[in-house]
Amino acid sequence: MRTGNLGLGLLLTVFVQQALSQAPFTNPIIYEDFADNDVFVGPDGHYYLSASNMHFSPGAPLLRSADLANWEMIGHSVPTLDFSDDRYNLVSSQAYRRGTWASTMRYRASNKTWYWIGCIDFWKSYTYTASSPTGPWKQAAVVYGTCYYDCGLFIDDDDTMYVVHGNDKINMTQLAPDGLSAVKTQQVFSSPSGTSSIEGNRMYKRNGLYYVLDDYPSGQSTYIWKSTSPWGPWTSKLLQQGVQSPVASGGTPHQGSLVKTSLGDWYFVSFTWAYPNGRMPVIAPITWGADDYPILTLVNNAWGKNYPNALPIKTTASWTGTDNFAGTSLGVAWEWNHNPDVTKYSVNNGITLSTATVTDDLYRARNTLTHRVHGGLPRATILLDFTTMADGDRCGLSAFRDWTAYIGISRSGSDYSLIMQDGLTLNSTTWDTSSLGTTVTSTPVIKGKIWLRGDMDARSAGNKQVTFSYSTDGSTFKTFGRNYTLNTDWAIFEGYRWGIFNYATKALGGSIAVLSFSQSDLS
């Protein structure tokens, strides 16, 4: 009888696992801005996704999944934007749209080391290494005068490391045995006829054949190249062109990664351009044709909104909820606008933001703390204690990007005002500030605590607006100011974020305490 019960339990477990593996997942697999993904299998059998985050610090966010559908953020590969350039510290200038983009990451079994490689500022390439994906990461090498543009790291069966990189003209670099310098580089192919400026390079091996995946952004297309040697000759085939996004009004997913599951199945992990939210990861199965080229699995000639799960599901923590800033360090989801002044903030059951910059320009104020917006209709609420603001200080909650609006508190002498400001903008060529914005409305408030809230329509097919409200008791909120239409242009690449800020217009010395941050998705 006991054996029979155990047998029945085993059968039920198998049945449940099979059912879960066939249950559909929904694209986007993460309704947040994680672009330029490089996805691979780690030594623990989990799947790792390295992404771009440009001028935000720490850089190169890293995610992990057991099933390709449910992901969690576990850290960053670049602890600080330490690129020997004060622009990343918002000193004398700025580094908007610079930083970490289209980089690559792999685990090397022979020395049990994780490698991250990326080009910075188009003329130097950095390598960071760690013994664990959660760190600590260290800057291990800098190659000056060489840009591993849109690079893909590949470790061959004989442990030789290669980086494929370039724009239009694609180069193959063989790395030194330690993976920290180059021993050979040569051009291996260029853009296919009728195209130009292919990029987004990733490299793989299957059944003894080498593959390079890249894309042609202007043509909304993806190419796959095949060779018997890393050095060529290479022949290409179109994987997809102009395929409809699974997200309403989203752009064609064309850049990304190929990954093989533990069951032997292959998937294309890409991202769709869907602002205001950003560039969100999507996934679709691929099969292999008789010619040994991959075939993208479509649904009614479009990228499917749903596909059967690749593997039995392993749920992860919710992407939404409340952060009370417990402990003495920030959670991995938080990133600063440029490098922070670490002497001007502290975490201890709340986060204290002391003013770090004297300015009248939010874009040039250090220590703006950001969090990606999540979902189609994200709502963010902060509990703010502004009792220790100094005269001239401004603080608040912003919908932060190259067009910005915010609700906040300003102090003038002994008077405190609740303000809503919009129209703060960056020049889309130089990325210097083009407008300091306009104060839409203000009203006196009593010094103390206040709840500030932003409601955003972040859907690419929505109204693309943000509205703000406030509360003095945390329960009843009153709309404040006007609706602000967000920018959906791609030029700055990163999607919208919630930005929490505190800066001085007269002198340093003031501070605020953020006691909680909550985010939900109302869609």
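Residues numbered from 1 in each chain as written. Predicted model: local features only at pLDDT ≥ 70, side-chain atom pairs only at ≥ 80, totals over all residues. Heavy atoms only, no water.

J.: Report on empty space enclosed by the protein, specifying residues and quantitative values.
T.: Under the criterion given, the structure shown has 2 cavities of 30 Å³ or more. Approximately 60 Å³ is the volume attributed to the largest cavity. Along the walls of the largest cavity sit His55, Phe56, Tyr96, Phe400, Arg401, Asp402, Ile492, Glu494 and Gly495, which together make up its complete lining. Here the second largest cavity defines a volume of roughly 50 Å³. Residue lining of the second largest cavity: Ser125, Tyr126, Thr127, Ala141, Val143, Tyr148, Leu175, Gly179, Leu180 and Ser181, and that is the complete set. It is strand β9 (residues 124-130) that contributes the most residues to the lining of the second largest cavity, 3 residues altogether. Partitioning the lining of the second largest cavity into residue classes produces 6 nonpolar, 4 polar and no charged. (1 Å grid on protein atoms, 1.4 Å probe; cavity = no way out; pocket = protein on both sides within 12 Å on 5 of 7 lines; lining within 4 Å. Points joined across faces, edges and corners; volume = space filled by probe spheres on them. Helix = DSSP H or I, 4+ residues; strand = E, 2+ residues; numbered from the N terminus. Nonpolar A, V, L, I, M, F, W, Y, C, P; charged D, E, K, R; others polar.)

J.: Any chance you could break down the nonpolar core for me, citing the residues and the numbers?
T.: In this structure, Leu384, Ile409, Leu418, Leu452, Met456, Val466 and Val514 are the most contacted members of the largest nonpolar core, which totals 39 residues. Not counting the four nearest positions on each side in its chain, Val466 is found in contact with Ala399, Ala405, Asp455, Met456, Arg482, Asn483, Tyr484, Leu486 and Trp498. Judged by nonpolar contacts, the second largest core, of 37 residues, contains Leu68, Tyr204, Tyr211 and Ala310. (Core = buried A, V, L, I, M, F, W, Y, C linked by side-chain atoms within 4.5 Å. Buried < 20%, exposed > 50% of the residue type's maximum accessible area, 1.4 Å probe, protein only. Contact = heavy atoms within 4.5 Å.)

J.: So what about the packing of aromatic side chains? Which residues, and what values?
T.: How two aromatic rings sit relative to each other is given by the distance of their centres and the angle of their planes. The full count for this structure, using the stated rule, is 33 aromatic pairs. Taking the centre distance of 6.3 Å and the plane angle of 35 degrees together, the rings of Phe122 and Tyr149 count as tilted. Highlighted residues: Phe122 in the loop between β8 (113-120) and β9 and Tyr149 in the loop between β10 (138-144) and β11 (152-155), separated in sequence by 27 residues. Site record: aromatic cluster; members linked through ring pairs are Phe83, Tyr88, Trp116, Tyr126 and Tyr128. Its guanidinium or amino end placed over the ring of Phe56, Arg497 lies 3.6 Å from that ring's centre, counting from NZ or CZ. (Phe/Tyr/Trp six-rings, centres within 6.5 Å; stacked < 30°, edge-to-face > 60°. Lys NZ or Arg CZ within 6 Å of the ring centre and 35° of its normal.)

J.: An account of the state of the cysteines is needed here, citing residue identities and associated values.
T.: Under the defined criterion, the tally for this structure stands at 1 disulfide. The disulfide partner of Cys119 is Cys147, and the gap between their sulfur atoms is 2.1 Å. Here the disulfide of Cys119 and Cys147 is left-handed, its torsion about the S-S bond being about -110 degrees. Within this pair, whereas Cys119 is found in strand β8, its partner Cys147 is found in the loop between β10 and β11, the two being separated by 28 residues in sequence. (Disulfide = S-S within 2.5 Å.)

J.: How would you summarise the side chain of Glu494 if you had to cite specific residues and measurements?
T.: As for its placement among the helices and strands, Glu494 is situated in the loop between β36 (478-485) and β37 (497-503). Not counting the four nearest positions on each side in its chain, Glu494 is found in contact with Asp33, Ser52, Asn53, Met54, Phe56, Tyr275, Arg279 and Arg401.

J.: Report on the sheet that holds strand β3 (residues 47-50), specifying residues and quantitative values.
T.: One open sheet accounts for 4 strands, arranged β2-β3-β5-β6; its pairing is antiparallel. If you trace the sheet from one side to the other, it starts and ends with β2 (38-41) and β6 (71-78), each paired once. Recorded for the sheet is a direction-independent mean angle of 25 degrees between the axes of neighbouring strands. Direction of pairing for strand β5 (residues 59-65) relative to β6: antiparallel, over a ladder of 6 bridges. Bridge pairing in β6 places Ser65 opposite Trp71. (Pairing = 2+ DSSP bridges. Axes fitted to C-alpha atoms, helices over the stretch in contact; angles between N-to-C directions.)

J.: Go over the sheet that holds strand β19 (residues 256-260), please, and point to the residues and values.
T.: Across the sheet, 4 strands lie side by side as β19-β20-β21-β22; this open sheet has antiparallel pairing. Each having just a single partner strand, β19 and β22 (294-296) make up the two edges of the open sheet. For this sheet the average axis-to-axis angle between neighbouring strands, irrespective of direction, equals 35 degrees. Where strand β21 (residues 278-288) lies against β22, 3 bridges are found, and the strand directions are antiparallel. Within the sheet, the bridge partner assigned to Thr287 lies in β22 and is Ile295.

J.: Please give an account of the environment of Trp114 that cites residues and values.
T.: With respect to the helices and strands, the residue Trp114 is situated in strand β8. Residues Trp114 and Tyr128 lie 14 residues apart in sequence; the distance between their C-alpha atoms is 8.2 Å.

J.: Could you give me a rundown of the pattern of salt bridges, with the residues and numbers involved?
T.: Applying the stated criterion across every chain yields a total of 20 salt bridges. In this structure, Arg87 and Asp85 form a salt bridge, with 2.5 Å as the shortest nitrogen-oxygen distance. A relative accessible area of 25% places Arg87 in the partly exposed class. If you follow the salt bridges from partner to partner, you end up with Glu335, Arg372, Glu494 and Arg497 in one network. (Salt bridge = Lys/Arg side-chain N within 4 Å of Asp/Glu carboxyl O.)

J.: Pulling in residues and values, what's your account of the pairing of β36?
T.: Consecutive side chains of a regular strand alternate in pointing toward one face of the sheet and then the other. When strand β35 (residues 465-471) meets β36, the two strands line up antiparallel, connected through 5 bridges. Across the sheet, the residue bridging to Tyr470 is Lys478, located in β36. The hairpin formed by β35 and β36 contains 6 residues between the paired strands, and Gly474 there has a positive phi angle of roughly 80 degrees.

J.: Which residues make up the pairing of strand β16 (residues 209-216), and what are the values?
T.: Of all the 8 residues making up β16, 8 are buried; the element is thus mostly covered by neighbouring parts of the structure. Residue alternation in β16 divides its side chains into two sets, Leu209, Tyr211, Leu213 and Asp215 and Tyr210, Val212, Asp214 and Tyr216, and both sets are buried. When strand β15 (residues 199-206) meets β16, the two strands line up antiparallel, connected through 6 bridges. For Lys205, the partnering residue across the bridge sits in β16 and is Tyr210. Counting the residues in the hairpin turn of β15 and β16 gives 2 residues, including Asn207, whose phi is positive at 50 degrees. As paired strands, β16 and strand β17 (residues 221-227) are joined by 7 bridges and run antiparallel to one another. Each residue of the ladder has a partner; that of Tyr210, found in β17, is Ser227. Between the antiparallel neighbours β16 and β17 lie 4 residues, among them Gln220 with a positive phi of about 50 degrees.

J.: Mind laying out the layout of surface pockets, listing which residues take part and the relevant values?
T.: Counted as a void, the largest pocket has a volume near 750 Å³. Together, 29 residues line the largest pocket, and Met54, Arg97, Tyr149, Trp490 and Phe493 are the ones closest to its centre. If you trace the second largest pocket, you find 21 residues lining it, with Phe40, Val41, Arg106, Phe154 and Ile155 closest to the centre. For the lining of the second largest pocket, the secondary structure elements donating two or more residues are β2, β7 (104-108), β11, β15 and β19. When its residues are assigned to classes, the lining of the second largest pocket shows 13 nonpolar, 1 polar and 7 charged.

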